[in-house]
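Working through the structure, step by step
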Amino acid sequence: MTHTRPFHRLRQIIASSLIGKTVHHHPLRTVLALIGIMLAGLLLNALYCLHADRLLERQVSEQIAALKSHGFKVRTAGIVRTGWPLRAAISVQHPIIEDKAGHGWGGQHLELSLSPFHPHRIALFFDGAQIVKFSDELALSTQTIRAWLQPDKDDIRLFFRAPRLQASWPHGAHEAALTLLPVEGHILLRPDAGPDETKLALSLDANAALISPPSLILGEIPQAWIPGWPPRRVHLTAVATQGERTQWLAYSGYRRILLQNISAVLEPLDLSGAGTLDHQGSGGLSVHATGLRETVRYWLDHPPISIDQQDENGIGPWLIKARAHLDSIPNAADLPLQVTRGEISDLAPIMAKIMHAQ
């Protein structure tokens, strides 16, 4: 009897290769066997995607219901399946999540997908403009984000990558902004954290940081004096502890923000530091700086067009004395910085104190 079943013929081919004997077979049967395997794989994948689509829809519906039960407003322009039968994916058009104060997240498009190779990890694709309002003052915006969400028993882990991420807040009569280009990071969120326990942990890495206006960091020091501007190789590791029980997005719900590691390169300056801030962005930082002497040497070789010679706490008088004491300026020093609502204290008086101490 001749066996024509594709899987049986495939077993014969595999068996012959294992025992080292040559088996003469019809090429058409081999092709049919391979086609059978492909069709079976496609069928299994389609069944998985159908199950995963339903699972994603149920999870989205449960999350929407949970948000509404906590007082959030949730609106979408539609939720549709977009991947079946080749993959498991659903699309949410124009999602908006807001609390009673109008703070929250709004975007143009969100796609959620599951892979059979990582069934417990949800892939997220945020396409188009995305805006997160933490308060009337602080907002986060981006264009495109690829992320992977991995819920656990006690926490939620989110890995993300974006070509651009911008935070903005009022600064006098204008707006201040910090833009990271490009950026990737890891967020750990614990929704049920107790008082003073870790509520949010964040790790960020960016190739460059654009700061507007530059005086937020430089103070009186002209931007042209920093040859390595803007900051490069920016890294941040921070932890926020649970404070008052407020809406999830409200930063007033965080008692303290621990900056465990913050670093950047402003050639020839290399900066690294740590510190503690309150929920309003005020506190203290201790920054270790290397390359100070080379930075001052660059300033002396590229003097500004005009500086205030009368301001005793400014950089003008300090610069005049620096040339005579260049060799005594340390190449590395620890700089104590005060931060008031996100603005760092002027660097010029600190540099003057270092100079005066030599």
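Reference entry: report on the structure contained in this document. Note that this is a predicted model, so its numbers are computed, not measured.

Before going further, it helps to examine the overall build of the protein chain. In terms of regular secondary structure, the protein chain is built from six helices and 18 strands. Across the 358 residues of the protein chain, 37% fall into the buried class. Put simply, the protein chain shows about 20800 Å² of open surface, and 59% of that area lies on carbon and sulfur atoms.

Now for unusual backbone geometry. The omega torsion of the bond from Trp229 to Pro230 falls at 5°, within 30 degrees of zero and hence cis. Locating Pro230 in the fold gives a position in the loop between α3 (215-218) and β13 (232-242). Along the chain, Glu267 connects to Pro268 via a cis peptide bond; the corresponding omega equals 10°. Locating Pro268 in the fold gives a position in the loop between β14 (254-266) and β15 (269-278). Residue His94 is not a glycine yet carries a positive backbone phi of 50°. Its place among the elements puts His94 in the loop between β3 (88-93) and β4 (96-98). For His94, a relative accessible area of 47% gives the class partly exposed. Within the chain, Arg233 stands out as a residue other than glycine whose phi angle is a positive 45°. Relative to the elements of secondary structure, Arg233 occurs in strand β13. On the basis of relative accessibility, which here comes to 54%, the residue Arg233 falls in the exposed class.

Moving on to the nonpolar core. With 55 residues, the main nonpolar core has Leu110, Leu112, Leu124, Phe126, Phe160, Val183 and Val296 as its most contacted residues. Once residues lying within four places of it in the same chain are set aside, the contact partners of Phe126 are Trp105, His109, Leu110, Gln143, Thr144, Ile145 and Ala147.

Turning to the packing of aromatic side chains, a few remarks are in order. To describe a pair of aromatic rings, one takes the distance between the centres and the angle between the planes. Considering all chains together, one arrives at one aromatic pair under this definition. Between Trp105 and Phe126, the aromatic rings sit 5.8 Å apart at their centres with planes inclined by 80°, giving edge-to-face as the arrangement. One end of the pair, Trp105, is in strand β5 (residues 104-115); the other, Phe126, is in strand β6 (residues 118-133), with 21 residues separating them in the sequence. Among the residues examined, Phe126 registers a relative accessible area of 16% and is labelled buried. The ring of Phe125 has Arg146 sitting right over it, with the charged end atom 4.3 Å from the ring centre.

Moving on, we come to helix α4 (residues 292-301). When we look at burial in α4, the residues that qualify are Leu292, Thr295, Val296, Trp299 and Leu300. On an axial view of α4, the arc spanned by its buried residues comes to 140°, and they lie on one face.

Let us now look at the environment of Ile145. For Ile145, the position within the fold is in strand β8 (residues 145-151). Assessed through its relative accessible area of 14%, Ile145 is described here as buried. Considering only alpha carbons, one finds Ile145 and Arg161, 16 residues apart in sequence, at a separation of 5.8 Å. Non-local contacts of Ile145, meaning those with residues more than four positions away in its chain, are made with Leu124, Phe125, Phe126, Phe160, Arg161 and Ala162.

Inspection of the secondary structure assignment puts Ser282 in the loop between β15 and β16 (283-290). With near-sequence residues (within four places) excluded, Ser282 lies in contact with Thr276, Leu277, Val339, Thr340 and Arg341.

On the surface, a nonpolar cluster with roughly 240 Å² of combined accessible area is contributed by Val31, Leu32 and Ile35. Relative to the helices and strands, Ile35 resides in helix α2 (residues 27-69).

For the rest of this paragraph, the subject is the pattern of salt bridges. Side-chain pairing between opposite charges can occur once the charged atoms of the two side chains come close. For the coordinates displayed, the defined rule picks out four salt bridges. Among the salt bridges present, the one from Arg75 reaches Glu98, with a minimum N-O distance of 3.8 Å. Taken together, the residues Arg75 in strand β1 (residues 73-75) and Glu98 in strand β4 connect sequence positions 23 residues apart. On the basis of relative accessible area, Arg75 is assigned to the partly exposed category, the value being 41%.

Thresholds, definitions, all that
- Residues numbered from 1 in each chain as written.
- Predicted model: local features only at pLDDT ≥ 70, side-chain atom pairs only at ≥ 80, totals over all residues.
- Heavy atoms only, no water.
- Helix = DSSP H or I, 4+ residues; strand = E, 2+ residues; numbered from the N terminus.
- Buried < 20%, exposed > 50% of the residue type's maximum accessible area, 1.4 Å probe, protein only.
- Areas by Shrake-Rupley, 256 points an atom, 1.4 Å probe, with all protein chains shown as cover.
- Core = buried A, V, L, I, M, F, W, Y, C linked by side-chain atoms within 4.5 Å.
- Contact = heavy atoms within 4.5 Å.
- Phe/Tyr/Trp six-rings, centres within 6.5 Å; stacked < 30°, edge-to-face > 60°.
- Lys NZ or Arg CZ within 6 Å of the ring centre and 35° of its normal.
- Arc of directions from axis to C-beta.
- Patch = residues over 30% accessible without salt bridge, like charges linked within 9 Å, V, L, I, M, F, W, Y side chains within 5 Å.
- Salt bridge = Lys/Arg side-chain N within 4 Å of Asp/Glu carboxyl O.

From the geometry alone we can't say anything about function, so treat these as descriptive.
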